[in-house]
Amino acid sequence: MAAIIDGKAVAREVQKKIKEEVDGLERRWGMAPGLAVVLVGDDPGSHIYVKNKEKACKEVGIKSFEHFLPATVSEKELLALVHSLNKDKDVHGILVQLPLPAHIRSERILQAVSPFKDVDGFHPVSQGMLVIGADGFRPCTPLGVMKLLEAAGCALKGKNAVVVGRSNIVGKPVALMLLEKHATVTICHSRTASLRDEVARADVLVVAIGKAGLVRGDWIKPGAVVIDVGVNRLPNGKLTGDVEFETANERASAITPVPGGVGPMTICMLLYNTLKAAKDSIQRER
Ligand code: NDP
């Protein structure tokens, strides 16, 4: 049986450290990191996300500023809000909740966020920094995956890491972050000739597809470390990952559950990036 990598427990530990650092900033500089969250429309799922983010900020002492806009808001109005948040000294991080309504060009909005406040790590500047291995904001979910691997004591140097999925928000950035840690990285996608063979070579497997149980447990190399990013709702209402858990659990040395694996780390990494943004702003002003 594999060790279960408990995302909730790791997130709690990381959050504790973030809170200590936030308290330190308050004591030394008399300032609290601030996160602005912009939500357009009234999608109930997005509202729950935003509420959870607000709660998590409060727990660690980060100030949160919510901006709820109607679905009819124009692109120009939304851009004006982003520009004003870019200038606001109390706001260190800006997160624009996706998806945006169809009449708004998401890239235009995401690119309008100051790269200094890009706590989501979606700005082309942040993505470029990741590609060249320079300091910058890393996207939250891939950063959470890396923290889980670290917490599980998984050495990456020289290991075969296989990433299934090549999206800009998970697959590609996590592959680059594994490369940064000296793993030998393979990226798989829907046109990969034999997914089974690629998966079978993985010492470290990160799966981000969005299809329940697509990666079969018996493909997994014995002793591999498996991180399942996928979140899929089954007809019975339960959440499940992209990896067939029961059989994978018998072969892997460590594995993340769904739910309770990567999910709890994502908001935690948003707090981490907001703290980083606040610390960076102090450095720039000194
Ligand atoms: P995307 O839909 O953007 O990307 C999915 C990727 O999977 C694509 O690269 C696609 O390949 C690949 N793929 C699809 N079918 C196959 C197949 N049969 N074999 C191999 N590869 C395949 O999804 P995201 O990256 O945004 O999200 C992936 C999953 O992670 C989702 O379940 C999502 O809900 C979850 N997620 C969870 C988060 C969390 O906090 N826990 C955060 C973000 C995402 P191609 O490029 O060729 O189409």
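An account of the accompanying structure is given in this report. The model shown is predicted, which means the values in this text are computed figures rather than measured ones.

Regarding the overall build of the protein
Check the secondary structure of the protein and you find 10 helices and 11 strands. Since a compact globule built from 286 residues should have a radius of gyration of about 19 Å, the 19 Å found for the protein is in line with a globular shape. Dimensions of the protein, computed from the C-alpha atoms along their principal axes, are close to 50 × 45 × 35 Å. Residue burial in the protein is summarised as follows: out of 286 residues, 48% are buried. Considering only intrachain contacts with a sequence separation of at least 6, the fraction spanning at least 24 residues in the protein is 70%. Separation between the mean location of the 38 positive side-chain charges and that of the 32 negative ones in the protein comes to 3 Å.

Re the sheet that holds strand E7 (residues 204-207)
Pairing in this open sheet of 6 strands is parallel, and the strands run E1-E11-E8-E7-E5-E6 from one edge to the other. Of all strands in the sheet, those with a lone pairing partner are strand E1 (3-4) and strand E6 (184-188), marking the two edges. The sheet contact formed by strand E5 (residues 160-164) and E6 spans 5 bridges and is parallel. Looking at the pairing, Val 164 lines up with Cys 188 of E6. On the sheet, helix H6 (residues 140-151) packs against E7 and strand E8 (225-228) and is oriented at approximately 150° with respect to E8.

Quick word on the environment of Ser 253
With respect to the secondary-structure elements, Ser 253 resides in the loop between helix H9 (245-251) and strand E11 (254-255). It is 8.8 Å that separates the C-alpha atoms of Ser 253 and Ile 4, two residues lying 249 residues apart in sequence. Beyond its immediate sequence surroundings of up to four residues, Ser 253 is in contact with Ala 2, Ala 3, Gly 223, Ala 224 and Val 225. Within the structure, Ser 253 has its side chain in polar contact with the backbone oxygen of Gly 223 (distance 2.8 Å).

What about the packing of aromatic side chains?
Per the stated rule, a full pass over the model turns up 0 aromatic pairs. Cation over ring: Lys 276 sits above Phe 137, and NZ or CZ is 5.5 Å from the ring centre.

Looking at the site of the ligand
By nearness alone, 22 residues border the ligand, and Arg 166, Ser 167, Ser 190, Val 231 and Thr 266 come closest of all. The protein chains hide 70% of the 930 Å² of surface that the ligand would expose on its own. The class makeup of the residues in the shell around the ligand is 10 nonpolar, 9 polar and 3 charged.

Topic: the sheet that holds strand E4 (residues 93-96)
Strand order in the open sheet made by the 3 strands is E3-E2-E4, with parallel pairing throughout. Two strands in the sheet have a free side with no partner beyond their single neighbour: strand E3 (63-69) and E4. Looking at each pair of strands side by side, their axes are set apart by 15° on average, direction ignored. Note that strand E2 (residues 34-40) and E4 share 4 bridges and pair parallel. Within E4, the position partnered with Val 37 by the bridge is Leu 95. The strands touched by helix H3 (residues 75-87) within the sheet are E2, E3 and E4, with E2 carrying the most contacts at an inclination of about 175°.

Calculation notes
- Residues numbered from 1 in each chain as written.
- Predicted model: local features only at pLDDT ≥ 70, side-chain atom pairs only at ≥ 80, totals over all residues.
- Heavy atoms only, no water.
- Helix = DSSP H or I, 4+ residues; strand = E, 2+ residues; numbered from the N terminus.
- Rg over C-alpha atoms; globule rule 2.2 N^0.38 Å.
- Buried < 20%, exposed > 50% of the residue type's maximum accessible area, 1.4 Å probe, protein only.
- Contact = heavy atoms within 4.5 Å.
- Lys, Arg positive; Asp, Glu negative; His and termini not counted.
- Charge placed at Lys NZ, Arg CZ, Asp CG, Glu CD.
- Pairing = 2+ DSSP bridges.
- Axes fitted to C-alpha atoms, helices over the stretch in contact; angles between N-to-C directions.
- Polar contact = N/O pair within 3.5 Å; in protein donor to acceptor, adjacent residues only side chain to side chain.
- Phe/Tyr/Trp six-rings, centres within 6.5 Å; stacked < 30°, edge-to-face > 60°.
- Lys NZ or Arg CZ within 6 Å of the ring centre and 35° of its normal.
- Near = heavy atom within 4 Å.
- Areas by Shrake-Rupley, 256 points an atom, 1.4 Å probe, with all protein chains shown as cover.
- Nonpolar A, V, L, I, M, F, W, Y, C, P; charged D, E, K, R; others polar.

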